[in-house]
Every structure is written in C-alpha cells, then in structure tokens.
Amino acid sequence: MDSSSYDYSENFSIVHGMIMYKEFAKYWDDVEAFQARPDDLVIATYPRSGTTWVSEIIDMIYKEGDVEKCKDAIFNRIPYLESRSEGPMNGVKQLKEMSSPRILKTHLSSEHLPISFWEKNCKMIYVCRNAKDVAVSYYYFFLMVSIHPNPGSFPEFVEKFMDGQVPYGSWYQHTRSWWEKRKNPHVLILFYEDLKEDIRKEVKKMMQFLGRKPSEELVDKIVHHTSFQEMKNNPASNYTAIPEKVINQKVSPFIRKGITGDWKNYFTVALNERFDMHYEQQMKGCTLKLRTEI
Ligand code: A3P
C-alpha cells in the first residue's frame, strides 16, 4: 500500500493542528476544561515511550508495594485523560469519579495539557524515548490497534512519523515542548533508556520526586513486579483486558520487545541517514540528547 493512499479522515481529526483520534477529538472541550486537583500526578509521554511501565511503577509506589492493590487493569487505576470510547476508557469521566490522590496518563504535549494542571502546580512526570525506537514501536501499535489505518511498509510509516502525520503529531515538537519544562520543579523528566540501564536508580528518583523515602525492600518489590516479563504476563498491565477486535495482540503484543536499539532491525542505512538528517533539522537548538543504544 502506498502511504499516499491512507485515508486519515476516516479515523482521525485535527485538534490544534495535531492528528487526533476522531472519538477523542469529538469531546475535546471536556479535556480542555478538565479541572485538576493539586495532588494529581500526571504521567505524560509521546505514545510508545514507556507509559505503561512507568505507570505500573508509580502505582506500586503509591500502593507501597502491595501487589494485591494493583490487580485492576492499568487503565482503570491510571485513567487515560483524553481517551473517549464506548468501552471502559473514558478518561475525563473516570477521573471525575475518582478519589484523590489521582494518577493520570496523557499523551499530550506540554502545550496541549489542560491549563488547570499548570495552575494547580500538579506534579508531572514526562517519559521520553529515542525517536527511532518510538517509530518502530508505534508502527507495531498501528498494526495491532484497529482504529488505525494500514500504516503500509515501515519506511512509509517513518515518513508519516517524521511529518507528524500520526496521532499526537510531531514527536519533535512534543519532546521539545516538555524539555522546555525541565527546570520546572514540578516536572520530572525520565528517559526510557535510563530505566533500561539502571531501573533501581530511576525508581528511587521517582520516589524522591514524590516525596517518598525509598527503602531497598520496596524498591526490590517494585523492580520485580514491573520487570518486562512480569508486566508482559500480567493481565492488569498487558492490555489483554481490551477485546481483540480493538487491540489484536496476535498481530503484535502490546508489551512487545522492551529493548533499546530495536530500530537497528528496521532502519536501512539509507533510511537511517535520512532520519538523522531530518532529526538534526527538527531538533536544532535543542539541548536534549537522547541515546539510541545503551
Ligand atoms: P516496544 O514496542 O519497543 O517493545 P507505552 O506504554 O508508552 O505504549 O510504551 C510501550 C513500549 O514500552 C513497548 O516498547 C513496550 O514493550 C515497552 N514496555 C512496556 N513495559 C515494559 C517494561 N516493563 N520494561 C521494558 N519495556 C517495557
């Protein structure tokens, strides 16, 4: 399938210049008007950057390592703010009904995050992952989640990714928007690659940010419960609670490979060169340096 033949209008709309799922876009006013509470914690990411991993870690921190309290599906424990569907995921409604302290997930850039979170000085964690591994993971996400049009071949999809012609728009703008907030004391920026390299260190960092005293025993429990294999097998975190007609995990599992550097299996030399050149242009003047291998 040629990438030019995608029919984006069937599944997507445009919100503030960004491609968005049609169902979500229909109720965007509710998202923008969302009322934060001062003790809300926001987990923000560009899709496929480790949202679910960090969400499970944070919930374990909040529940002080009590696995029994983390048995419900992750999208019930940590609602997806802008999500709207006939099914269980209706972020605004879930959050309104939830008692404090709430943890929520969003894929919005810092510019598109509802203003109330900034006004209430809520704590926010942004998880960032190198763009090449995100592109690979996003490609598989397109294939497994039925709401997406056929992404065509991987190189065709990468063109769309570079152009920001995917839900949540440009990775470059998204990442830059949050990097600009790095000096805000309420914002913690984490990197998927750092989590892969030294998970204990990163868990302790999250605990400190949340004002919790890290104990080695609790860190052990969290690291075990949120390991790739545990999360892959855990029905509360692996999205198998979502019907196959919505997420077909036979095509690709939601918790897929969990490595850094998978892009090397997908980018040809020519595509890699093209991507690097485009990356340089898009990230010009930005001090953020991401690792594409560890
Ligand atoms: P891959 O597709 O590269 O495997 P998100 O939750 O933001 O959608 O991110 C999904 C990505 O995070 C997937 O990447 C998934 O495998 C990875 N992931 C999820 N849980 C993980 C874990 N415990 N350890 C490492 N990677 C994990």
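Bringing the overall build of the protein chain into the picture now. Helices and strands together make up the secondary structure of the protein chain, namely 15 helices and six strands. Its C-alpha atoms give the protein chain principal-axis dimensions of about 50 × 40 × 40 Å. By the burial criterion, 56% of the 294 residues in the protein chain qualify as buried. Taking the contacts inside the protein chain whose residues are at least 6 apart along the sequence as the reference set, 71% of them involve residues at least 24 apart. About 13,400 Å² of surface is accessible on the protein chain, with carbon and sulfur atoms providing 51% of the total. Distance between charge centres in the protein chain, computed from 40 positive and 40 negative side chains, equals 3 Å.

On to the confidence of the model for the protein chain. Taken as a whole, the protein chain shows an average pLDDT of 96; of its residues, 98% reach a score of 70 or greater. When mean pLDDT is compared element by element in the protein chain, strand β3 (residues 41-45) scores highest at 99, while helix α1 (residues 8-11) scores lowest at 83.

A word on the packing of helix α4 (residues 51-62) against helix α12 (residues 199-209). The geometry of α4 relative to α12 is characterised by a closest axis approach of 11 Å and an angle of 55 degrees between their N-to-C directions. Taken together, α4 and α12 sit at an angle that is classed as oblique. As for how α4 packs across α12, the hand of that crossing is right-handed. In this structure, α4 contributes W53, V54, I57, I58 and I61 to the contact, and α12 contributes I199, V203, M206 and M207. Looking at side-chain class alone, the contact of α4 with α12 contains nine nonpolar, no polar and no charged residues.

Strand order in the open sheet formed by four strands is β4-β3-β5-β6, and the pairing between neighbours is parallel. At either margin of the open sheet sits one strand with a lone partner, and together these are β4 (103-106) and β6 (187-191). When the angles between neighbouring strand axes are averaged without regard to direction, this sheet yields 20 degrees. When β3 meets strand β5 (residues 123-128), the two strands line up parallel, connected through five bridges. From the neighbouring strand, I43 faces β5, where its bridge partner is I125. Along the sheet, α4 makes contact with β3, β4, β5 and β6, crossing β3 at roughly 165 degrees. Those strands touched by helix α10 (residues 171-179) are β3, β5 and β6, and its axis lies near 140 degrees from that of β5.

The ligand sits among 18 residues. The nearest are T51, T52, S137, R256 and K257. Within the side chain of T52, one N or O atom sits 2.5 Å away from an oxygen atom of the ligand. Here F228 contributes a backbone N or O atom positioned 3.5 Å from a nitrogen atom of the ligand. Its free accessible area being 570 Å², the ligand has 98% of it covered by the protein chains.

Here we take up the packing of α4 against helix α13 (residues 216-225). For the pair α4 and α13, interaxial distance at closest approach is 10 Å and the crossing angle is 145 degrees. Relative to α13, α4 is oriented so that their crossing is right-handed. Contacts between α4 and α13 pair E56, I57, M60 and I61 from the former with K221, I222 and H225 from the latter.

Here the focus is the environment of W28. One can find W28 in helix α3 (residues 28-32). Judged by its relative accessible area of 6%, W28 falls in the buried class. As for W28 and V15, which are separated by 13 residues in sequence, their C-alpha atoms are 8.1 Å apart. Leaving out residues up to four positions away in the same chain, W28 has contacts with V15, H16, M18, M20, E82 and L108.

Its 12 residues give α4 an end-to-end C-alpha distance of 16 Å, which sits within 8% of 16 Å, the value for a rise of 1.5 Å per residue. Burial analysis of α4 places 12 of its 12 residues in the buried class, which makes it a mostly covered element. Looking at α4, one finds that the buried residues are T51, T52, W53, V54, S55, E56, I57, I58, D59, M60, I61 and Y62. Directly after α4, the chain includes E64, whose backbone phi takes a positive value near 50 degrees.

Rules and cut-offs
- Residues numbered from 1 in each chain as written.
- Predicted model: local features only at pLDDT ≥ 70, side-chain atom pairs only at ≥ 80, totals over all residues.
- Heavy atoms only, no water.
- Helix = DSSP H or I, 4+ residues; strand = E, 2+ residues; numbered from the N terminus.
- Buried < 20%, exposed > 50% of the residue type's maximum accessible area, 1.4 Å probe, protein only.
- Contact = heavy atoms within 4.5 Å.
- Areas by Shrake-Rupley, 256 points an atom, 1.4 Å probe, with all protein chains shown as cover.
- Lys, Arg positive; Asp, Glu negative; His and termini not counted.
- Charge placed at Lys NZ, Arg CZ, Asp CG, Glu CD.
- pLDDT = per-residue confidence, 0-100.
- Axes fitted to C-alpha atoms, helices over the stretch in contact; angles between N-to-C directions.
- Parallel < 35°, antiparallel > 145°, perpendicular 65-115°, else oblique.
- Left-handed = near helix turned anticlockwise from the far one by under 90°.
- Nonpolar A, V, L, I, M, F, W, Y, C, P; charged D, E, K, R; others polar.
- Pairing = 2+ DSSP bridges.
- Near = heavy atom within 4 Å.
- Polar contact = N/O pair within 3.5 Å; in protein donor to acceptor, adjacent residues only side chain to side chain.
- Expected span 1.5 Å × (residues − 1).

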